[in-house]
Amino acid sequence: MNITGIDIGGTFTDLVGCIDGKIVTSKTSTTPADPTKGVARSLELAACNLPSLGEVLHGSTIAINTVLERKGSRTALITTKGFRDVYAIGRGNRIEAFNLWFHRPKPLVERRYTYEVNERLNSQGEVLIKLDVKEVEAIALELREHDIQAVAVCFLHSYANPDHEKHVGAILRKADPSLFVTLSHEILREFREYERTSTTALNAYVGPRVRNYLNTLDTYLRNERFGGQLHLMRSNGGVMSLDQARMQPVAMMESGPVAGMIGAGRLATHLGLEQCIGFDMGGTTAKSSLIIRGQPSIEDGYVIGDHASGQPMQLPVVDIVEVGNGGGSIAWVDPAGGLHVGPQSAGADPGPVCYGKGSLDPVVTDADLVLGRINGSRFLNGAMPLDIAAASHALDERIGRPLGLSTIEAALGVTTIADNNMSLSVRAVSVNKGVDPRETAMIAFGGAGPLHALAIAREIFIPKVVIPKLPGTFSALGMLMASWRQDFVRTLVGRLGGLDARLVERVFHELEADGKEQMKRDHISSDVADFRFYADLRYVGQEHALPIRIERADMLTGVTDLVRQRFHAEHDQRYGQAAIEEQLEIVNLRLVLTAPREDTLAEQWLIEKWVPTDNVPETSRDVFYSDPKSPLKARVLWRPAMPAGMEIVGPAVIEEPNSTILIHPGDTVRVSEAGHLIIDLAYKD
């Protein structure tokens, strides 16, 4: 079957496809006003015939950018009477205790559009106060008067009994079919009122914009006679159907970067890397994720934006740490004479100064070009020549003169600060988690990742860096390896071994039934589906829990020794200690439902024997590394011409159609049998 993966980033739209048994790629500028144009152009450049495609996998930044830019729809929130301000109050902790400018997350829903309804359930889902239907009908009329496009409904304890929410949803949808209605139990059935409300509000806030985009994309594909399936990349590392993405756009917040980490995990398994760090640097941001035994870690919860003032989202997400530095990050000087890089980005339009689209603000790509690290005539395989004179002028005008630096010194300052900023994301997924970077490897990808990876790795003493095949479009390649995945959860609180056996069995069967219903909607065969149950456990008195694998319901109510052993072992591995004498408490039951991909061509291609495709002679040029007065004569090689087994020692620049790899002096590069670049860093004693 012919398939393609299309990843829309803030700067470029990438495509990788498996067409007639061969890998095809393309990379084109993103069109922020209409991302579908980038999709169309990428398909055209890769010569992908839509009628011949059986599947299109897609990842986009539209959902997360809608939140970060606060460009979502006017949204209302309906909640239980007396709990109107839960969303605004949030948590009582002050994450940045010494930050004088600290502020709490600003709600996406204005307080005047937050409505209370007279109804009440207890934590068991029993009705204490019946739903006041007339109040809901009156609110439905008021929503029209205020031109509300989306509404989030989140009642107290509706995770235990969603009947009131279902009734409200029916009233709202009947009163205004165009209204985007999000009911909290349709997104997650888990306790923690603030995070549950925030997640529901997020889904409603981005819903209309994402739905409109998906409808536009679907219309374009169908008009071009695409008759296959369109799947969207989820933040949990799996894919979902178009219909589900329309209803749950919050699930695709980190869709593109997650796909790259899935691909990095597959490569790590092939290379036998027990633990590694996936590093993805694009035009707008840089992302890092810790990968253990080929699997990126998945956390139940995520904050969109700054960790202290961002928007909480309580859904399973591949644990990615992101910083606002990329190839398009703008360099600027503050009034006190301090040099900064990012988080503002030039994006795709106008982009870096060297793109020649009218920008006057120098960015990281401009600095790399001026330093000789990028070949301006080979950028995007020669499809986008870069203007080095314009880049030099911008760096001199905006950075060099204000700081009394030469153009080269200014460029080196920009790249050094960018590398230091990006190293923070790598530290966050390694050092901050108790992992020694010296015992890991880095797998670097993204259009700009291979250009900066070695400097970042050297910053924290990572000994080995791997640059995979097709690094510039690696996230799109990762989509072709992602399996179908759904996560289901039910809150169920009680002591391990003390829960009612019939209640636990009922919840297990409910989760299983929900999973089978979703499989039916998405046409997933029961022969290939993998049902895995987990119990969120914690020591009594703790706040947070750990997911522990459970094969049967009676493992929580009968003989619980095996579950206890698993929890203590996991707690010891995660935190370095286990209190085996303490009692355990269950918080949630989870079901992770997956179905593997039918085709494995992309994964097979990742490990198949490398055969050079070009015969391009080696050249050389001056490249500035650290000394602004003494450039080094670097070897310049064309990656498609490098045979398996070839070894070189830096300084060198390895160029390929969609990316550039900067090899520092003394670093050793070897081309693996499958064509991946294995780089051993040289450290001074």
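Before any of the text, the structure's been laid out above.
Scope of this entry: the structure provided in the associated data block. Keep in mind that what you see is a predicted model, and the values were worked out from it rather than measured. (Residues numbered from 1 in each chain as written. Predicted model: local features only at pLDDT ≥ 70, side-chain atom pairs only at ≥ 80, totals over all residues. Heavy atoms only, no water.)

1. Topic: the overall build of the chain
So, step 1. Helix and strand counts for the chain stand at 17 helices and 33 strands.
So, step 2. Here the chain has a C-alpha radius of gyration of 26 Å; the compact-globule value for 685 residues is 26 Å, and the two agree.
So, step 3. Considering only C-alpha atoms, the chain reaches an extent of 75 × 60 × 60 Å along its principal axes.
So, step 4. Here the chain, with 685 residues, has 57% of them falling under the buried criterion.
So, step 5. Restricting the contact set of the chain to residue pairs at least 6 apart, pairs at least 24 apart contribute 67%.
So, step 6. Looking at the chain as shown, the accessible area adds up to about 28,300 Å², and 50% of this sits on carbon and sulfur atoms.
So, step 7. A gap of 2 Å separates the mean positions of the 70 positive and 85 negative side-chain charges of the chain. (Helix = DSSP H or I, 4+ residues; strand = E, 2+ residues; numbered from the N terminus. Rg over C-alpha atoms; globule rule 2.2 N^0.38 Å. Buried < 20%, exposed > 50% of the residue type's maximum accessible area, 1.4 Å probe, protein only. Contact = heavy atoms within 4.5 Å. Areas by Shrake-Rupley, 256 points an atom, 1.4 Å probe, with all protein chains shown as cover. Lys, Arg positive; Asp, Glu negative; His and termini not counted. Charge placed at Lys NZ, Arg CZ, Asp CG, Glu CD.)

2. Considerations on the nonpolar core
So, step 1. One finds L43, I78, L143, L172, M253 and M313 to be the most contacted residues of the largest nonpolar core, which totals 71 residues.
So, step 2. The biggest single contributor to this core is helix α7 (residues 193-223), with 12 residues.
So, step 3. Core analysis: the second largest hydrophobic core is formed by 67 residues, A331, L371, F624 and I679 among them. (Core = buried A, V, L, I, M, F, W, Y, C linked by side-chain atoms within 4.5 Å.)

3. Overview of the packing of aromatic side chains
So, step 1. A complete count under the given rule lists 6 aromatic pairs for this structure.
So, step 2. A centroid spacing of 6.5 Å and a plane angle of 55° characterise the contact between F12 and F379, whose relative ring orientation is tilted. Placement of the pair is F12 in strand β2 (residues 12-19) and F379 in the loop between α10 (364-370) and α11 (388-403), with a sequence separation of 367 residues.
So, step 3. On the basis of relative accessible area, F12 is assigned to the buried category, the value being 13%.
So, step 4. The class of F379 is buried, set by a relative accessible area of 16%.
So, step 5. Ring centres 5.9 Å apart and planes at 50° place the aromatic pair Y355 and F379 in the tilted group. On the criterion of sequence distance, the pair formed by Y355 in the loop between β20 (339-345) and α10 and F379 in the loop between α10 and α11 is long-range, its members being 24 residues apart. (Phe/Tyr/Trp six-rings, centres within 6.5 Å; stacked < 30°, edge-to-face > 60°.)

4. What about the sheet that holds strand β30 (residues 652-656)?
So, step 1. Strand order across the open sheet formed by 4 strands is β27-β28-β30-β31, with mixed pairing between neighbours. Looking at which strands have only one partner, the edges of the open sheet turn out to be β27 (619-623) and β31 (659-663). The sheet shows a mean angle of 30° between the axes of neighbouring strands, taken without regard to direction.
So, step 2. As judged from the 5 bridges shared by β30 and β31, these two strands associate in the antiparallel manner. Counterpart to V653 in the pairing with β31 is L662. (Pairing = 2+ DSSP bridges. Axes fitted to C-alpha atoms, helices over the stretch in contact; angles between N-to-C directions.)

5. Comments concerning empty space enclosed by the protein
So, step 1. One pass over the full model with this rule turns up 2 cavities of 30 Å³ or more.
So, step 2. If you add up the space inside the largest cavity, you get close to 70 Å³.
So, step 3. Forming the walls of the largest cavity are L77, T79, T80, F83, V86, Y87, C154, F155, L156, E193 and T197.
So, step 4. Per-element accounting of the lining of the largest cavity gives the leading share, 3 residues, to strand β5 (residues 75-80).
So, step 5. In terms of residue class, the lining of the largest cavity is built from 7 nonpolar, 3 polar and 1 charged.
So, step 6. Taken as a whole, the second largest cavity holds about 50 Å³ of empty space.
So, step 7. In this structure, the second largest cavity is lined by A140, L143, R144, I148, L172, A175, D176 and L179.
So, step 8. Within the residue set of the lining of the second largest cavity, elements represented by two or more residues are α4 (133-145) and α5 (163-175).
So, step 9. Looking at which element gives the most residues to the lining of the second largest cavity, the answer is α4, with 3 residues.
So, step 10. For the lining of the second largest cavity, the per-class residue count stands at 6 nonpolar, no polar and 2 charged. (1 Å grid on protein atoms, 1.4 Å probe; cavity = no way out; pocket = protein on both sides within 12 Å on 5 of 7 lines; lining within 4 Å. Points joined across faces, edges and corners; volume = space filled by probe spheres on them. Nonpolar A, V, L, I, M, F, W, Y, C, P; charged D, E, K, R; others polar.)

6. A short note on the side chain of R597
So, step 1. Within the secondary structure layout, R597 lies in the loop between β26 (584-595) and α17 (601-607).
So, step 2. Here L480 takes part through its backbone oxygen, which lies 3.1 Å from a polar atom of the side chain of R597.
So, step 3. Residues in contact with R597, not counting those within four places in the same chain, are I3, E55, L57, L480, M481, A482 and S483. (Polar contact = N/O pair within 3.5 Å; in protein donor to acceptor, adjacent residues only side chain to side chain.)

7. Some details on the pattern of salt bridges
So, step 1. Counting across every chain of the model gives 43 salt bridges.
So, step 2. R398 is paired through a salt bridge with D361; the nearest N and O atoms lie 2.6 Å apart. Residue R398 is found in helix α11, and its partner D361 is found in the loop between β20 and α10; the two are separated by 37 residues along the sequence.
So, step 3. Overall, the relative accessible area of 35% leaves R398 in the partly exposed class.
So, step 4. What makes D361 partly exposed here is its relative accessible area of 28%.
So, step 5. Among the salt bridges present, the one from K464 reaches D680, with a minimum N-O distance of 2.7 Å. Residue K464 is found in strand β22 (residues 464-467), and its partner D680 is found in strand β33 (residues 677-680); the two are separated by 216 residues along the sequence.
So, step 6. By relative accessible area, which is 26% here, K464 ends up partly exposed. (Salt bridge = Lys/Arg side-chain N within 4 Å of Asp/Glu carboxyl O.)

8. Digging into the environment of E517
So, step 1. With respect to the element layout, E517 can be found in helix α15 (residues 501-521).
So, step 2. Once the C-alpha coordinates of E517 and Y213 are considered, the two residues, 304 residues apart in sequence, prove to be 27 Å apart.

9. Comments concerning the side chain of E190
So, step 1. Here E190 shows up in the loop between α6 (184-187) and α7.
So, step 2. Note on E190: relative accessible area 2%, which makes it buried.
So, step 3. There is a polar contact of 3.0 Å between the side chain of E190 and the side chain of Q314.
So, step 4. Side-chain polar atoms of E190 contact the side chain of N588, separated by 3.2 Å.
So, step 5. Each residue touching E190, except ones within four places of it in the same chain, is listed here: Y159, R196, D300, Q314, V489, T491, N588 and R590.

10. Digging into the sheet that holds strand β6 (residues 114-117)
So, step 1. Reading across from one edge, β6-β5-β9-β10 is the order of the 4 strands in this open sheet, with parallel pairing throughout. The open sheet terminates on both sides in strands that have one partner only, identified here as β6 and β10 (180-183). When strand polarity is set aside, the average angle formed by the axes of neighbouring strands in this sheet is 20°.
So, step 2. As paired strands, β5 and strand β9 (residues 150-154) are joined by 5 bridges and run parallel to one another. By the bridge assignment for β9, A76 is matched with V151.
So, step 3. The strands touched by α5 are β5, β9 and β10; relative to β10, the strand with the most contacts, the crossing angle is about 180°.
So, step 4. Seen against the sheet, α7 touches β5, β9 and β10 and runs at an angle of roughly 160° to β9.

11. Structural notes on the environment of D366
So, step 1. Relative to the helices and strands, D366 resides in helix α10.
So, step 2. Sequence separation between D366 and A394 is 28 residues; the distance between their C-alpha atoms is 8.5 Å.
So, step 3. Aside from chain neighbours lying at most four places away, what touches D366 is P352, V353, C354, D361, A391 and L395.
So, step 4. Of note is the side chain of D366, whose polar atom sits 2.9 Å from the backbone nitrogen of C354.

12. Some remarks on the environment of R373
So, step 1. Structurally, R373 is set in the loop between α10 and α11.
So, step 2. For R373, a relative accessible area of 4% gives the class buried.
So, step 3. In this structure the C-alpha to C-alpha distance between R373 and A652, which are 279 residues apart in sequence, comes to 9.4 Å.
So, step 4. Residues within four places of R373 in sequence aside, it is in contact with D368, L412, T415, L451, R621, V623, F624, Y625, V653, T660 and L662.

From the geometry alone we can't say anything about function, so treat these as descriptive.
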